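The primary structure of each chain is shown beneath.
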Amino acid sequence: MNGLSEKLSAIKQEILDGMESLDSSKAVYEFKKTFLDSKNGKIGQLMKEMKNIPPAEKAEYGKNVNALKTWATEQFDEMDARMKEKELLLRYENEKIDISMPAQKIVPGNLHPITLIKNQLIDIFASMGFEVFEGAEIETDYYNFTALNTPQDHPARDMQDTFYLTQEFLLRTQTSAGQIHVMENTAPPIKILSPGRVFRSDDDATHSPMFSQMEGLVVDKGITLCDLKGMLDVLVQKIFGEGTTTRLRPSYFPFTEPSVEVDVSCFECGGKGCKLCKGTGWIEVLGAGVVNKKVLEVCGIDSDEYSGFAFGIGIERLAMLKYGINNIKLLFESDMRVLSQLNDD
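Residues numbered from 1 in each chain as written. Predicted model: local features only at pLDDT ≥ 70, side-chain atom pairs only at ≥ 80, totals over all residues. Heavy atoms only, no water.

K.L.:
How do you make sense of the overall build of the protein when you look at a structure like this?
P.N.:
Within the protein one finds 11 helices and nine strands. At 40 Å, the protein has a C-alpha radius of gyration far larger than the 20 Å of a compact globule built from 345 residues. For the protein, the spread of C-alpha atoms along the principal axes amounts to about 125 × 55 × 35 Å. The contacts in the protein between residues at least 6 apart in sequence include a share of 64% that link residues at least 24 apart. Roughly 19,800 Å² of accessible area belongs to the protein as shown, and the carbon and sulfur atoms make up 53% of that amount. Positive and negative side-chain charges in the protein, numbering 38 and 52 respectively, have mean positions lying 7 Å apart. (Helix = DSSP H or I, 4+ residues; strand = E, 2+ residues; numbered from the N terminus. Rg over C-alpha atoms; globule rule 2.2 N^0.38 Å. Contact = heavy atoms within 4.5 Å. Areas by Shrake-Rupley, 256 points an atom, 1.4 Å probe, with all protein chains shown as cover. Lys, Arg positive; Asp, Glu negative; His and termini not counted. Charge placed at Lys NZ, Arg CZ, Asp CG, Glu CD.)

This is how it looks when you write it as structure tokens:
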């Protein structure tokens, strides 16, 4: 008992000195455990010493230690309350809103240019009576090439041009494969639009290994190249504006005969000649033609009774032309500086 008073005084002073450096409620909690933890706290250790105190002195010893415990608890509770109040005020200060400041401007987002063009094309063709057919991105060699009258030695079948998964399966190089599926399962008249992603081993400023294409197919009695020309004129006028016209140039595609490249009169200069059309007054936009009789027959359609036309549009190409984009890679990088400039409204 002789040294107890000194121990209690020393612990009191240690608590008071330690409290001066506390700066948070968490620090108060940790410091409090040093003294009041029932197992390892300094005051808790004093209580454990009770078993070594003579019976006559136990009551006095316990009374003094409990008094210290009560005092320490009050000190820590008061300190904890002050710290929590201080932290709450600091939180209020950090979360304070200046209602006199102007509101933050919310900028509306834009649809991606590929989505804009795709939706516009679907709307245009739907108004002409076309139905949408979406084929699979993984196709067989038969549907992607053979059924479309592509010769075995055609360059498009080469490994450097086509992504083959196996000898039989590949990533489709054109949405034209969809027209075979439709013609096999649907009797004429047929009027379908097949949009989707296609894949070719090609990569530069105007080409990408993956891009979007839209295939159109019409099969009925008496369909001619004139029907194709009339439909394309309506299409380009709705996309590029009134007064835009098309011209057809002879070309070759295995699945059409005759085949044509389709040019549109330059919508930038009105056909007078500018940088966009390279001074020619015309811009190439798509390939098309009259469906080859062999393609109709392989699908079980009588080519003497029915004819048709098909066309393939590169959606990225139309987007680049319409929005003045000079590098196809900008369409795949989601650069907000580019997308924010594109708005059809």
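K.L.:
I would appreciate a short explanation of the sheet that holds strand 4 (residues 190–199) in the present structure.
P.N.:
Strand pairing in a sheet relies on backbone hydrogen bonds, with the paired strands running either antiparallel or parallel. The seven strands are arranged 1-4-5-9-8-7-6 in an open sheet whose pairing can be described as mixed. Looking at strand neighbours, the two that pair on one side only are strand 1 (131–132) and strand 6 (246–253), the edges of this open sheet. Here strand 7 (residues 256–265) pairs with strand 8 (residues 282–291) via eight bridges, running antiparallel. By the bridge assignment for strand 8, T256 is matched with V291. (Pairing = 2+ DSSP bridges.)

K.L.:
Before we go on, may I ask you to explain the pattern of salt bridges in this structure?
P.N.:
Pairing is possible between side chains that carry opposite charge, provided their charged atoms lie close to one another. Tallying each qualifying case throughout the model produces 11 salt bridges. Ionic pairing is found between K96 and E93, a salt bridge with its closest N-O pair at 3.2 Å. Accessibility expressed as a relative area gives 56% for K96, which makes it exposed. Residue D263 pairs with R247 through a salt bridge whose shortest N-O separation is 2.9 Å. Here D263, found in strand 7, pairs with R247, found in strand 6; they are 16 residues apart in sequence, far enough to count as distant. A relative accessible area of 2% means that D263 is categorised as buried. By relative accessible area, which is 32% here, R247 ends up partly exposed. A network of salt bridges, in which partner residues are shared, links R247, R249, D263 and E284. (Salt bridge = Lys/Arg side-chain N within 4 Å of Asp/Glu carboxyl O. Buried < 20%, exposed > 50% of the residue type's maximum accessible area, 1.4 Å probe, protein only.)

K.L.:
I would appreciate a short explanation of empty space enclosed by the protein in the present structure.
P.N.:
Remark: the empty space left among the atoms is shown by a probe the size of a water molecule rolled over them. Scanning the entire structure with this criterion turns up one cavity of 30 Å³ or more. Approximately 40 Å³ is the volume attributed to the largest cavity. In terms of lining residues, the largest cavity is bounded by L235, V236, I239, F240, V285, L286 and L318. Elements represented by at least two residues in the lining of the largest cavity include exactly helix 8 (225–240) and strand 8. Looking at which element gives the most residues to the lining of the largest cavity, the answer is helix 8, with four residues. Class assignment for the residues of the lining of the largest cavity results in seven nonpolar, no polar and no charged. (1 Å grid on protein atoms, 1.4 Å probe; cavity = no way out; pocket = protein on both sides within 12 Å on 5 of 7 lines; lining within 4 Å. Points joined across faces, edges and corners; volume = space filled by probe spheres on them. Nonpolar A, V, L, I, M, F, W, Y, C, P; charged D, E, K, R; others polar.)

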